[in-house]
Every structure is written in C-alpha cells, then in structure tokens.
Amino acid sequence: MALPSNILIVGGGVFGLSTALSLSKRHPTSTITIIESSPTIPNPHGSSVDTSRIVRADYANKAYSKLAAEAIDLWRTTDWGRNGRYTQNGLLLVYPSDSASAKEYAHKSYANVRAIEGDNVTFLPTQTDVLSVVPAYGSTLDVAGGYVNWGSGWSDAAATLRYAKERLDAEGKVKFRSGNVERVLYAAAAGSGKSKVTGVVLADGSVVEADLVVLATGAWSSRLVDLRGRAVATGQAIAYMRISDEEQRELENLPTILNFATGIFVIPPRGNLLKIARHAFGYRNPVVVPVPGDGDRTETMEVSLPEQGVPVPLEGQEAFRVALRQLLPRFAEREFVDTRVCWYTDTPQGDFIVSYHPDHEGLFLATGGSGHAYKFFPVIGDKIVDALEGTLDPELSEMWTWSKAPVSDGEDFDGDGSRSGERRAILKDELAKTKKALRSSVL
Ligand SMILES: Cc1cc2nc3c(=O)[nH]c(=O)nc-3n(C[C@H](O)[C@H](O)[C@H](O)COP(=O)(O)OP(=O)(O)OC[C@H]3O[C@@H](n4cnc5c(N)ncnc54)[C@H](O)[C@@H]3O)c2cc1C
C-alpha cells in the first residue's frame, strides 16, 4: 500500500529508529524525518539506552516467542549482533517455592522456547539442578527450580542504538531534526467526521508539516495523545556496583538470572560493572497536563510521565539487597556506584500499541514497550511498516491495535503476568521517604 510522501517520526529510540530503517527501505521515495527532543541519539535518558538489555524468546505468550525467535536469528547472524552488540550467554529463569504464578510462567515459557530452541533448553526441577548451571552463585541460592535457555542472550543497548543511527546516517535517506514536539496539529478531514494530522508544533513555536505522523515517543507519549487506560509511564529500578577483575572473570560467562517472582534480574557484568534491575509494577509520577487532541486544550488530566535523573528510592535499593542475599550474598552489602530510574510505557496486557489512531487520520502510534520491546529492534520496524500498510500478521494486529477497549480508571494493569512488587507506588513519596531515612541515619 502506498504511504503519504511526507512522513514524520517523533522519537529516536528503538521504535523510531527501527521504523525509519524499514520505511527508508520499503518507501524510498517518501521524505522521512525523525524529530528527537534529546540533543543526541542515543538519548541517554531514553528507555532504549543502557549497558544491557535481555534478548530472549522466553515468553508465556507464543506470538512474542515466535517474534523474538525471528529477532534472535538476526541478532545472531547479521550486523545487528556484531562487535559486542549481542552476547549469547543464556538465560536462567528461576522461581521460589512460594510463587505459583512464577512457576506457571516458567513452565509455559519453557514449553514455548523448548519448541524453538530444542536441546538448548533444559528444565531444572530442583535448587541443586539450578546450581549446577551457576555454581558461582553458591549453595545459599534461594530458589525452588527453573530452566536454562542457552539460546538467549543480552545486547549492549547504547551501542546498538548508535549502530542503528549510523546506518541511517550512512544511507542518508532519513533526515534528523532536534526539537521537542509540543503538540500534534490537526485539520478537519473532508467527509469523514475525523480530524486529519497536518504536522507538529515544536516547543520553540516552529511548525513541521507532515501527512503522516508516527509517535514513537515511549514513556512521554501521554503528552501528545490521550492514552488514559491504554498506557502509563512506570519507573523501574536499576543499580550498578563495581566488581574486581577476579569477580568479573568469575561472573562474565554465566547466564543472566531472572527471578520471575521478584522480577529481579542480574545480567553478566562487563567492564567490572555488575547490573541488577527489577521488572516490577514500578513507580508512577503523576503530573497534570492539557488533554491532547484536536480540541482547544483547556481541559486537563493527570497522567504519569517520566522524571529524569532521579536515584532509585531506598525501597528499591533494599529490594536489590534482599535479592542479592538470595542470589549472590557476597555482593549484598556492596555499595551501588550508580542507580537510575528507567521508564517503561506499560500497557494493560504488556502488548505494544502499533496502530493508527481511530479518531485522527494520519496519526500512528508505535509505542507501549511494556519493558520488553528492545529485543525486537531488528524486526519491529518491519512489523510497524506492515501495520502502516495494513498488512500486519492478524495475530500481531489483534494484540497491538488501538481498538482494544481501555482499562477503566482505577483498574490495574496486570501486564503479561511477569511483574512483581507494589502497585501504583508514587515516585515522589518514595523519594521523600528515602530523604527522611537518610536524614535520620545522619543524626
Ligand atoms: C529498566 C529497563 C529494562 C529493560 N529491559 C529490557 C530487556 O531486558 N529486554 C527488552 O527486550 N526490553 C527491555 N526494556 C524495554 C525496552 O528498553 C523498551 O521497550 C524500548 O526501549 C522502548 O523504546 P522506545 O523507542 O519506545 O522508547 P525510548 O527509547 O524512550 O524512545 C522514545 C524517544 O522519544 C523521544 N521523545 C519523547 N517525547 C518527545 C517529544 N515530545 N518530542 C521529541 N522527542 C520526544 C524521547 O526523547 C526518546 O528518545 C527495558 C526497559 C527499561 C526501562
């Protein structure tokens, strides 16, 4: 299907860059521009950028397993995974004795990846079996069982974003522009009763015209389109600690360990830095903003939006200490050299939103990463362009379409069943508790 000739992508993360790579190949005569608010791509505060991201086909949902297998093939066999961008160290998925849901997720996920990876995947029904795979973790490892998939790995996320940007620069077909999009512009569309996108307005007041606007704005999307009941920004905890050369050698070739009951995972270290992170319901950061759309923007709404540059609250740091006591006790009291709150764009079932907006002609969303989109970097752009053209595989289209009913106000997003921790914790409250605790520890 032909697409309009003037296409604007807002956002230069995984969704935006991958879309640009596919569009420039499949629609070479279109004018394609990416607008990114960060002065640099990669944006160091973007969700796509970190030392590492897990690349796994280990999903309880078959459609994501299949899509991840497609992506992993490209991570393994093409430039995407070269020069240290992909390391296939395996993934050890474990569950404790007191979490039936984590055990169930592990069993479903095992069945899905076993069908894809065959003997690369081994079930580990006891703690002793788990320890046989990660002896460095020691006999205090507090898990009941799990499985290991040697076909999974991890990717250097900042390096891969740079790689994608360099590919686009070398091809020279996509224009880049730095700017913060303040709102989308609309005009009445003849005959349909809908409004039609005409471009965007930047924070400095300048207008960029376009016939098709793809919002790949991740956790910031709620500023530009009303996503209440469809997507919410949730802050997730990451911490790093310095380790010695000897510890680096001991841990660097182990599989990534992911405990689906706590959501906590440890990726093998690089450069003497050990990363621990939590895949949880996350913190919310409520902010009041104008309701976006084609109206007069006098109405306001409260939504969660990213807060940049804040440390992980004490609650999160303590959760890491508890997890380290279960997994790697000798690191449990070591200082964190850095902590960071990184933002998911969570959707009710953890599905992406890759869809035209039903009320605005020419407005398309490619977002809703839900904490697991990174691994699809080599393939997600093609799926997005399929959706733009109306040819997306019906199974994916069904999962990613806008027409799914929104979750009603106050109802929780359950995700794909792999989340842990408190629901709806407020970031500012947790930071205030942290400040108070630190003050009283000084007195
Ligand atoms: C802590 C953490 C761990 C994760 N772990 C994994 C993992 O192990 N495996 C995995 O597969 N996935 C993982 N993910 C998920 C994955 O990283 C995300 O799903 C994916 O990176 C989202 O990409 P994005 O393009 O939507 O977001 P982003 O990278 O945030 O890109 C959005 C871009 O839009 C720009 N933007 C926003 N608003 C505007 C505006 N108004 N004007 C101009 N520009 C704008 C932003 O500056 C930003 O650069 C993790 C995510 C986090 C936060």
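In short, a report on the structure.

Calculation rules
Residues numbered from 1 in each chain as written. Predicted model: local features only at pLDDT ≥ 70, side-chain atom pairs only at ≥ 80, totals over all residues. Heavy atoms only, no water. Pairing = 2+ DSSP bridges. Helix = DSSP H or I, 4+ residues; strand = E, 2+ residues; numbered from the N terminus. Axes fitted to C-alpha atoms, helices over the stretch in contact; angles between N-to-C directions. Phe/Tyr/Trp six-rings, centres within 6.5 Å; stacked < 30°, edge-to-face > 60°. Lys NZ or Arg CZ within 6 Å of the ring centre and 35° of its normal. Expected span 1.5 Å × (residues − 1). Buried < 20%, exposed > 50% of the residue type's maximum accessible area, 1.4 Å probe, protein only. Contact = heavy atoms within 4.5 Å. Core = buried A, V, L, I, M, F, W, Y, C linked by side-chain atoms within 4.5 Å. Parallel < 35°, antiparallel > 145°, perpendicular 65-115°, else oblique. Nonpolar A, V, L, I, M, F, W, Y, C, P; charged D, E, K, R; others polar. Salt bridge = Lys/Arg side-chain N within 4 Å of Asp/Glu carboxyl O. Near = heavy atom within 4 Å. Polar contact = N/O pair within 3.5 Å; in protein donor to acceptor, adjacent residues only side chain to side chain. Areas by Shrake-Rupley, 256 points an atom, 1.4 Å probe, with all protein chains shown as cover. 1 Å grid on protein atoms, 1.4 Å probe; cavity = no way out; pocket = protein on both sides within 12 Å on 5 of 7 lines; lining within 4 Å. Points joined across faces, edges and corners; volume = space filled by probe spheres on them.

### Focus on the sheet that holds strand β9 (residues 174-178)
By way of backbone hydrogen bonds, the strands of a sheet pair with one another, either parallel or antiparallel.
Then step 1. Read across the open sheet, the six strands follow the order β9-β2-β1-β13-β24-β22; overall the sheet is mixed. Edge positions in the open sheet fall to β9 and β22 (353-356), since each of these has one partner strand only. Looking at each pair of strands side by side, their axes are set apart by 20° on average, direction ignored.
Then step 2. Sheet topology places strand β13 (residues 212-215) next to strand β24 (residues 363-367); three bridges connect them, and they run parallel. Its bridge partner being in β24, V214 is matched across the sheet by F364.

### Some remarks on the packing of aromatic side chains
Then step 1. All told, the structure shown has 17 aromatic pairs when counted by the stated rule.
Then step 2. With a centroid separation of 6.1 Å and 70° between ring planes, the pair formed by W75 and W80 is classed as edge-to-face.
Then step 3. Through successive ring pairs, a cluster of aromatic residues spans F15, Y59, Y64, F352, F376 and W400.
Then step 4. Above the ring of Y163, the side-chain terminus of R85 is found at 4.0 Å from the ring centroid.
Then step 5. Across the ring face of F281, the terminal group of R423 is positioned such that the distance to the ring centre comes to 4.2 Å.

### Examining helix α7 (residues 314-327)
Then step 1. The end-to-end C-alpha distance of α7, which contains 14 residues, comes to 20 Å, matching closely the 20 Å that a straight helix rising 1.5 Å per residue would cover.
Then step 2. Here α7 has its buried residues at G316, A319, F320, R321, A323, L324 and L327.
Then step 3. Where α7 is buried, its residues meet β14 (232-242), β15 (256-259), β16 (264-270), β17 (273-278) and β18 (283-284).

### A few points about the nonpolar core
Then step 1. Of all hydrophobic cores here, the largest spans 73 residues; its most connected members are F352, F364, F376, F377 and W400.
Then step 2. The residues contacting W400, other than those within four sequence positions of it, are Y64, L67, D351, F352, I353, V354, S355, I380, K383 and L392.

### Observations concerning the packing of helix α2 (residues 62-77) against helix α8 (residues 377-389)
Then step 1. One can describe the packing of α2 onto α8 by two numbers: an axis separation of 7 Å at closest approach and a directional angle of 125°. Classified by the angle between their axes, α2 and α8 sit oblique to one another. Residues L67, E70, A71, L74 and W75 of α2 form the contact with α8, whose own contacting residues are F377, P378, V379 and K383.
Then step 2. A class-by-class count of the residues in the contact of α2 with α8 yields seven nonpolar, no polar and two charged.

### Notes on the pattern of salt bridges
Then step 1. Within the structure shown, the criterion is met by 20 salt bridges.
Then step 2. Here E70 and K383 are joined by a salt bridge, their closest N and O atoms 3.4 Å apart. Taken together, the residues E70 in helix α2 and K383 in helix α8 connect sequence positions 313 residues apart.
Then step 3. On the accessibility criterion, E70 (38% relative accessible area) is partly exposed.
Then step 4. Look at K383 and you get buried, because its relative accessible area is 14%.
Then step 5. Residue R228 is joined to D226 by a salt bridge in which the shortest nitrogen-to-oxygen separation is 2.7 Å.
Then step 6. Residue classification places R228 among the partly exposed residues on the basis of a relative accessible area of 40%.
Then step 7. Members of the salt-bridge network, linked through shared partners, are R26, D382, D386 and E389.

### Concerning the site of the ligand
Then step 1. Neighbouring the ligand are 33 residues; E36, S48, I54, C342 and K375 lie closest to it.
Then step 2. The separation between a nitrogen atom of the ligand and a polar main-chain atom of V181 is 2.9 Å.
Then step 3. When isolated, the ligand has an accessible area of 1000 Å², and the protein chains bury 96% of it.
Then step 4. Counting residues per element, the ones that place at least two in the shell around the ligand are α1 (14-26), β2 (31-36), β3 (53-55) and β21 (338-346).

### Description of the layout of surface pockets
Regions of empty space are outlined by a rolling probe, equal in size to a water molecule, passed over the atoms.
Then step 1. Counted as a void, the second largest pocket has a volume near 440 Å³.
Then step 2. If you trace the second largest pocket, you find 19 residues lining it, with R284, E302, V303, D409 and R424 closest to the centre.
Then step 3. Residue contributions to the lining of the second largest pocket peak at three residues, all from strand β20 (residues 300-304).
Then step 4. Looking at side-chain class alone, the lining of the second largest pocket contains eight nonpolar, five polar and six charged residues.

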